[in-house]
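Next come the chains, spelled out residue by residue.
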Amino acid sequence: MPLRKFGLISSVVLLSILFTESCVIGNSMNLFPPTAKSEFEEKLIAGKDQEKIVIISIEGMISDEGKESFFGPSSDSMVVRVKESLKRAERDPDVKGVILKINSPGGTVTASDIIYQEVKKFKERKGIPVFAGFMDTAASGAYYIAMATDSIGAHPTTVTGSVGVIMSGINVKEGLDKIGVKDQSFTSGPNKALGSPTTEMTSEQRKILQSIIDSLYARFFDVVKKGRPKVSESRLKEICDGRIFTAEQAQKEGMIDFIGYFDNFVIELMKHPKYEGNPQGSPRIVTYQRGKVPVENIYQATDVKGNPISFGIADKLLGTSTNSKFLYLWDI
């Protein structure tokens, strides 16, 4: 096939993928987001009293990378959104509590740790209760973040746990050898290409990677031990082996504090000794988001912009997906 014709077909296929994915994401087929970000605004969900409880959403892969777009600026990363939300809540004297609405399988080690530290520092400075409310999934790095909160509530159908570290990888050397493809990379040392899918890993290289995994796991375990002081260390060592739990199992093991729905999360927070609002009142439930889209219920409180552009398959075709990382992630 002539190169010119092949290039035309490739372009048509790529544009077709972009068009299809944009249609699936939202009702509007807007491939061109605004050129400038809108203001970070407070959205009222419910309530009428002076005091406020802020909902901060942690949804999807935990990362310090924003979502890139071909046609406009990238969206804020989760780390940026959470930090900005905490800063705004800290400046507002009417804010009497924060609920982290968590629905995530985890993410990168560093992003999870940064958010964990930001929540801890916010609590120290503001002195108000911070709760975690688990939705569908709150695993690995998401559970790590929850260890910074005062109490953890989960929906009856939540899946949580997965305390551990993973670095995913595959080896394609034998397959490439069969079709005559050889790796001809040049390196400055024998371990520079450590983990490369095109070469066999040596026993020394396996030891190097495993030592990093073990070190990061030890940090995770220490965070869980501090966050769940009522669970014995011996029992934590048994159950923090990467396994996941239902909400009932997690509560039985002391990995969460209570089971309920969003109303229960609010009620439990208002019972906390550090809550300075009226425990029988009707606090304003608010969230912070960019844009003019109204927020009418808790399930619209999200850290994703109103009409996000995600290229999914196109990212993979164009080679823009991320490289190997050490992850606090439930990945199956």
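Presented here is a report on the structure given in the accompanying data block. (Residues numbered from 1 in each chain as written. Predicted model: local features only at pLDDT ≥ 70, side-chain atom pairs only at ≥ 80, totals over all residues. Heavy atoms only, no water.)

Our next topic: the pattern of salt bridges. By the definition in use, this model includes 19 salt bridges. Notably, a salt bridge pairs K83 with E118, separated by 3.1 Å at the nearest N-O pair. Taken together, the residues K83 in helix α2 (residues 78-91) and E118 in helix α3 (residues 109-126) connect sequence positions 35 residues apart. Look at E118 and you get buried, because its relative accessible area is 12%. A salt bridge links K123 to D150; the nearest nitrogen and oxygen atoms lie 3.3 Å apart. (Salt bridge = Lys/Arg side-chain N within 4 Å of Asp/Glu carboxyl O. Helix = DSSP H or I, 4+ residues; strand = E, 2+ residues; numbered from the N terminus. Buried < 20%, exposed > 50% of the residue type's maximum accessible area, 1.4 Å probe, protein only.)

Okay, the side chain of S151 next. With respect to the helices and strands, the residue S151 is situated in strand β6 (residues 151-154). Separated by 3.3 Å, the side chains of S151 and D257 make a polar contact. (Polar contact = N/O pair within 3.5 Å; in protein donor to acceptor, adjacent residues only side chain to side chain.)

A few words now on the packing of aromatic side chains. Evaluation of the coordinates by the stated rule reveals 6 aromatic pairs. With a centroid separation of 6.4 Å and 50° between ring planes, the pair formed by F131 and F258 is classed as tilted. With a gap of 127 residues between them, F131 in strand β5 (residues 130-139) and F258 in strand β9 (residues 258-259) connect regions that are remote in the sequence. Just as F131 is buried, F258 falls in that class too. Measuring from centroid to centroid gives 5.9 Å for F258 and F265, while their planes differ by 65°, and the two rings are edge-to-face. Assigned by exposure class, F258 and F265 land together as buried. Aromatic rings pair up to connect Y116, Y144 and F220 into one cluster. (Phe/Tyr/Trp six-rings, centres within 6.5 Å; stacked < 30°, edge-to-face > 60°.)

Another aspect to go through is the pairing of strand β2 (residues 52-59). In terms of burial, β2 is largely enclosed, as 7 of its 8 residues are buried. In this structure, β2 lies alongside strand β3 (residues 95-104), joined through 8 bridges in parallel fashion. From the neighbouring strand, I53 faces β3, where its bridge partner is G97. Sheet topology note: the β2/strand β10 (residues 284-290) ladder contains 4 bridges and is parallel. Considered in β10, the bridge of K52 is made with R284. (Pairing = 2+ DSSP bridges.)

Further remarks concern helix α9 (residues 262-270). Among all positions of α9, only F262, F265, V266, L269 and M270 are buried. Buried positions in α9, seen along its axis, are confined to an arc of 130° and lie on one side of it. Looking at the buried positions of α9, the neighbouring elements they touch are β2, β3, β5, β6, β9 and β10. (Arc of directions from axis to C-beta. Contact = heavy atoms within 4.5 Å.)

The subject of this paragraph is unusual backbone geometry. Here S140, not a glycine, exhibits a phi torsion of approximately 50°, which is positive. Mapped onto the secondary structure, S140 falls in the loop between β5 and α4 (141-146). For S140, a relative accessible area of 0% corresponds to the buried category.

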